[in-house]
Amino acid sequence: MQEARVKIKYHTDRIDRIGYIGDKSDWIDLRAAEDVSLRAGEMAYISLGISVRLPEGYELWIVPRSSTFRNFGILVPNSPGIVDESYSSDEDILKLQALAMRDTQIHINDRICQCRLMPHQPRVVFQEVDTLGHQTRGGFGSTGTH
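One structure accompanies this document, and this report is about it. Since we're looking at a predicted model, the values are computed, not measured. (Residues numbered from 1 in each chain as written. Predicted model: local features only at pLDDT ≥ 70, side-chain atom pairs only at ≥ 80, totals over all residues. Heavy atoms only, no water.)

Within the protein chain, the secondary structure is distributed over one helix and 11 strands. Along its sequence from the N terminus, the protein chain presents helices and strands in the succession β-β-β-β-β-β-α-β-β-β-β-β. Here the protein chain has a C-alpha radius of gyration of 19 Å; the compact-globule value for 146 residues is 15 Å, and the former is much larger. Summarising its shape, the C-alpha atoms of the protein chain cover approximately 55 × 40 × 30 Å along the three principal directions. Total accessible area computed for the protein chain in this model is approximately 10,500 Å², and 49% of it derives from carbon and sulfur atoms. (Helix = DSSP H or I, 4+ residues; strand = E, 2+ residues; numbered from the N terminus. Rg over C-alpha atoms; globule rule 2.2 N^0.38 Å. Areas by Shrake-Rupley, 256 points an atom, 1.4 Å probe, with all protein chains shown as cover.)

Strand order in the open sheet formed by three strands is β4-β9-β7, and the pairing between neighbours is antiparallel. Strands at the two margins of the open sheet, each flanked by one partner only, are β4 (43–47) and β7 (74–75). Note: β7 against strand β9 (residues 95–100), two bridges, orientation antiparallel. Across the sheet, residue Ile74 finds its bridge partner in β9, namely Ala100. (Pairing = 2+ DSSP bridges.)

Using the criterion set out here, one finds seven salt bridges in the structure. What emerges from the salt-bridge pattern is a single network uniting Asp29, Arg65 and Arg111. (Salt bridge = Lys/Arg side-chain N within 4 Å of Asp/Glu carboxyl O.)

A cis amide bond, omega -5 degrees, links Ser79 with the succeeding residue Pro80. As for its placement among the helices and strands, Pro80 is situated in the loop between β7 and β8 (81–84).

What follows covers the sheet that holds strand β2 (residues 28–31). The strand order across the open sheet built from four strands is β2-β11-β6-β8, with neighbouring strands paired in antiparallel fashion. The sheet is open, and its two borders are formed by β2 and β8, each paired with just one other strand. Across the sheet, the mean angle separating the axes of adjacent strands is 35 degrees when strand polarity is ignored. Summarising the sheet, strand β6 (residues 58–64) and β8 pair through four bridges and their orientation is antiparallel. (Axes fitted to C-alpha atoms, helices over the stretch in contact; angles between N-to-C directions.)

We now examine the side chain of Ser51. Along the chain, Ser51 falls in strand β5 (residues 50–53). Judged by relative accessible area, Ser51 falls into the buried class, the value being 4%. For Ser51, the side chain forms a polar contact with the main-chain oxygen of Asp90, separated by 3.0 Å. With near-sequence residues (within four places) excluded, Ser51 lies in contact with Lys7, Ile8, Lys9, His11, Ser89, Asp90, Glu91, Asp92 and Ile93. (Buried < 20%, exposed > 50% of the residue type's maximum accessible area, 1.4 Å probe, protein only. Polar contact = N/O pair within 3.5 Å; in protein donor to acceptor, adjacent residues only side chain to side chain. Contact = heavy atoms within 4.5 Å.)

So, about the packing of aromatic side chains. Evaluation of the coordinates by the stated rule reveals zero aromatic pairs. The ring of Tyr10 has Arg17 sitting right over it, with the charged end atom 3.8 Å from the ring centre. (Phe/Tyr/Trp six-rings, centres within 6.5 Å; stacked < 30°, edge-to-face > 60°. Lys NZ or Arg CZ within 6 Å of the ring centre and 35° of its normal.)

Below, the discussion takes up the pairing of β6. The buried fraction of β6 is high, at five of seven residues. Note: β6 against strand β11 (residues 111–119), seven bridges, orientation antiparallel. When the sheet's bridge partners are listed, Leu60 is paired in β11 with Leu117.

Here we take up the nonpolar core. Of all hydrophobic cores here, the largest spans 28 residues; its most connected members are Ile62 and Ile112. Among the elements of the structure, β2, β3 (36–38), β4, β5, β6, β9 and β11 are those that each provide at least two residues to this core. Apart from residues no more than four positions distant in its own chain, Ile112 is found in contact with Leu30, Arg31, Ala32, Ile46, Leu48, Pro64, Arg65, Thr68, Phe72, Leu96 and Ile106. (Core = buried A, V, L, I, M, F, W, Y, C linked by side-chain atoms within 4.5 Å.)

In short, the description is geometric, and any link to function would need to be established separately.
What follows is the structure in structure tokens.
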């Protein structure tokens, strides 16, 4: 497995150090670094308590965990949040944009999102054509319900 080194600065000692959760996934959970109370309809940027310096050619994707909505009633309106390697100073603290769908409490060290290091996409060149030369598979939802 290829390895990439990410420099990380913690801005608090109140959150667990990030890392993989056993052998369950190759996504990495991120934690709230502050207590946040939100009422339904409110939005907040929740500090994740870390700054990172990514390797050149990579970006960090931040998305909700599968349990984020169930546990906290929040949606992530800019999901996925993309952090590129230029966002790399000590003051560039990662945050999760959260929109509350119900009244909720988020506490320091709660696992509220997850991240994945991704290589930049290659340079894309668009080639205009008169036909794509492929049959239609139907519209959205055309593959059935089962």
